[in-house]
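Structure at a glance
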Amino acid sequence: QQQVKQSPQSLIVQKGGISIINCAYENTAFDYFPWYQQFPGKGPALLIAIRPDVSEKKEGRFTISFNKSAKQFSLHIMDSQPGDSATYFCAASGVTGGGNKLTFGTGTQLKVEL
Amino acid sequence: DAGVIQSPRHEVTEMGQEVTLRCKPISGHNSLFWYRQTMMRGLELLIYFNNNVPIDDSGMPEDRFSAKMPNASFSTLKIQPSEPRDSAVYFCASSFAPMNTEAFFGQGTRLTVV
């Protein structure tokens, strides 16, 4: 059962453009929604995260929009740069057994072209 | 802190051999996760420990896979016997639950079973 659905699978954006990646979740017990960025040969690293008590969070060029009623959230990368080319994963977690179990989406390969 | 440390970085083994992957979480973290990453299935959670106790092993593919966490600073993932379909990148991640839900990933172990 895929609890977090992510789209698109791949994305090509021109330098300076806006990259948008979407995710949808099923489990209403999720209370933490991070986005991870992964470069080739590296482990995923936290980029930005949001909790369901807010509808938007912005950090620099990166913004998460969150729609609790629709159970959807998205990542917007403004002024996309070639250095942003990476794989992006959305994730969701909720307290389970005293800890937090992260469930990941299937990933989006972003390429930013000059 | 050096971050999450995994060893080896690369492992090539023959089908039927035993493989042991190792992980040292970040000091002070009390949750540890093992993930497997493949092109086809993305990032899959295999098993999750909290305070050295396995909480959820529902992602472990089959009995050939086992994981242990004998103390707060060390965990192993063992595959016995290994099969070509086990070829993947295996990541270990740690976090401090439940207050801080950011998971920090290691560099991963690229396993190739021939």
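Along every chain, residues carry numbers that run from 1 in the direction the sequence is written. Note on labels: chains are lettered from A, ligands numbered from 1, in written order. It should be noted that, the model being predicted, local features are given only for residues of pLDDT at least 70 and side-chain atom pairs only at 80 or more, the latter also being counted only at that level, while totals for whole chains, interfaces and linings use all residues. Only heavy atoms go into the side-chain values, all of them from the structure, while hydrogens and water stay out.

Thoughts on the packing of aromatic side chains
For any pair of aromatic rings, the description consists of the separation of the ring centres together with the inter-plane angle of the planes. We call Phe, Tyr and Trp rings a pair once their centres come within 6.5 Å, taking the six-membered ring for Trp, and we label the pair stacked below 30 degrees between planes, edge-to-face above 60, and tilted otherwise. Per the counting criterion, the structure on display carries 17 aromatic pairs over all chains. With a centroid separation of 6.2 Å and 55° between ring planes, the pair formed by Tyr25(A) and Phe73(A) is classed as tilted. Taken together, the positions of Tyr25(A) in strand 3 (residues 19-25) and Phe73(A) in strand 8 (residues 72-77) put the pair 48 residues apart, joining distant regions of the chain. For the pair shown, Tyr25(A) and Phe73(A) are each scored as buried. Linked through ring pairs, Tyr36(A), Phe89(A), Phe104(A), Phe33(B), Tyr35(B), Tyr48(B), Phe91(B) and Phe105(B) together constitute an aromatic cluster. Helix numbers and strand numbers start at the N terminus; a helix is a DSSP run of H or I with at least 4 residues, a strand a run of E with at least 2. For every residue, the accessible area obtained with a 1.4 Å probe (protein chains only) is divided by the maximum for its type, and the residue is called buried under 20%, exposed over 50%, and partly exposed between those limits.

A few points about the interface of chain A and chain B
Every contact between the two is made by 18 residues of chain A and, on the other side, 22 residues of chain B. Summed over both partners, the accessible surface that disappears when two parts come together, traced with a 1.4 Å probe, is what is meant by buried area. In this assembly, chain A packs against chain B so that about 1,800 Å² is buried in total across both faces, 52% of it on carbon and sulfur atoms. Salt bridge criterion: a side-chain nitrogen from Lys or Arg within 4 Å of a carboxyl oxygen from Asp or Glu. Where chain A meets chain B, there are 0 salt bridges. Identification of polar contacts relies on pairs of N or O atoms within 3.5 Å, with a donor-acceptor requirement for protein atoms, meaning one able to donate a hydrogen and the other able to accept it, and with residues adjacent in sequence counted only if both atoms are side-chain atoms. Where chain A meets chain B, there are 3 residue pairs in polar contact (both at pLDDT 80 or more). The set of elements that each furnish at least two residues to the side of chain A that touches chain B consists of strand 4 (33-38), strand 9 (86-96) and strand 10 (99-104) of chain A. Of the residues forming the side of chain A that touches chain B, the biggest block, 5 residues, is contributed by strand 10 of chain A. Classification used: nonpolar for Ala, Val, Leu, Ile, Met, Phe, Trp, Tyr, Cys and Pro, charged for Asp, Glu, Lys and Arg, polar for all others including Gly. Residues that form the side of chain A that touches chain B fall into these classes: 7 nonpolar, 8 polar and 3 charged. Any two residues whose heavy atoms approach within 4.5 Å are treated as being in contact.

As for the sheet that holds strand 1 (residues 5-7) of chain B
Hydrogen bonding along the main chain pairs the strands of a sheet, whether they run parallel or antiparallel. All names here are of chain B. Overall, antiparallel pairing links the 4 strands, which are arranged 1-3-8-7 in an open sheet. Every interior strand has two partners, whereas the edge strands, strand 1 and strand 7 (65-71), have only one. Adjacent strand axes in the sheet meet at a mean angle of 15°, parallel and antiparallel pairs treated alike. Pairing between two strands requires that DSSP report at least two bridges joining them. Throughout, an axis means a line fitted to C-alpha atoms (over the contacting stretch in the case of helices), and angles, computed between N-to-C directions, take values from 0 to 180 degrees.

Looking at the nonpolar core
Side-chain atoms within 4.5 Å link the members of a nonpolar core, which is a set of buried Ala, Val, Leu, Ile, Met, Phe, Trp, Tyr and Cys residues. Within the largest apolar cluster, 24 residues are counted, with the highest numbers of intra-cluster contacts made by Phe33(A), Trp35(A), Phe73(A), Leu75(A), Tyr88(A) and Leu110(A). Taken together, the elements giving at least two residues each to this core come down to strand 2 (10-14), strand 3, strand 4, strand 5 (45-50), strand 7 (62-67), strand 8, strand 9 and strand 11 (108-113) of chain A. At 4 residues, the largest contribution of residues to this core is made by strand 9 of chain A. Among all residues touching Phe73(A), those that are not within four sequence positions of it are Ile21(A), Asn22(A), Cys23(A), Tyr25(A), Phe33(A), Pro34(A), Trp35(A), Ser65(A), Phe66(A), Cys90(A) and Ala91(A). In this structure, Leu46(B), Phe49(B), Phe65(B) and Met69(B) belong to the second largest nonpolar core, which totals 21 residues.

In short, geometric facts, not functional conclusions.
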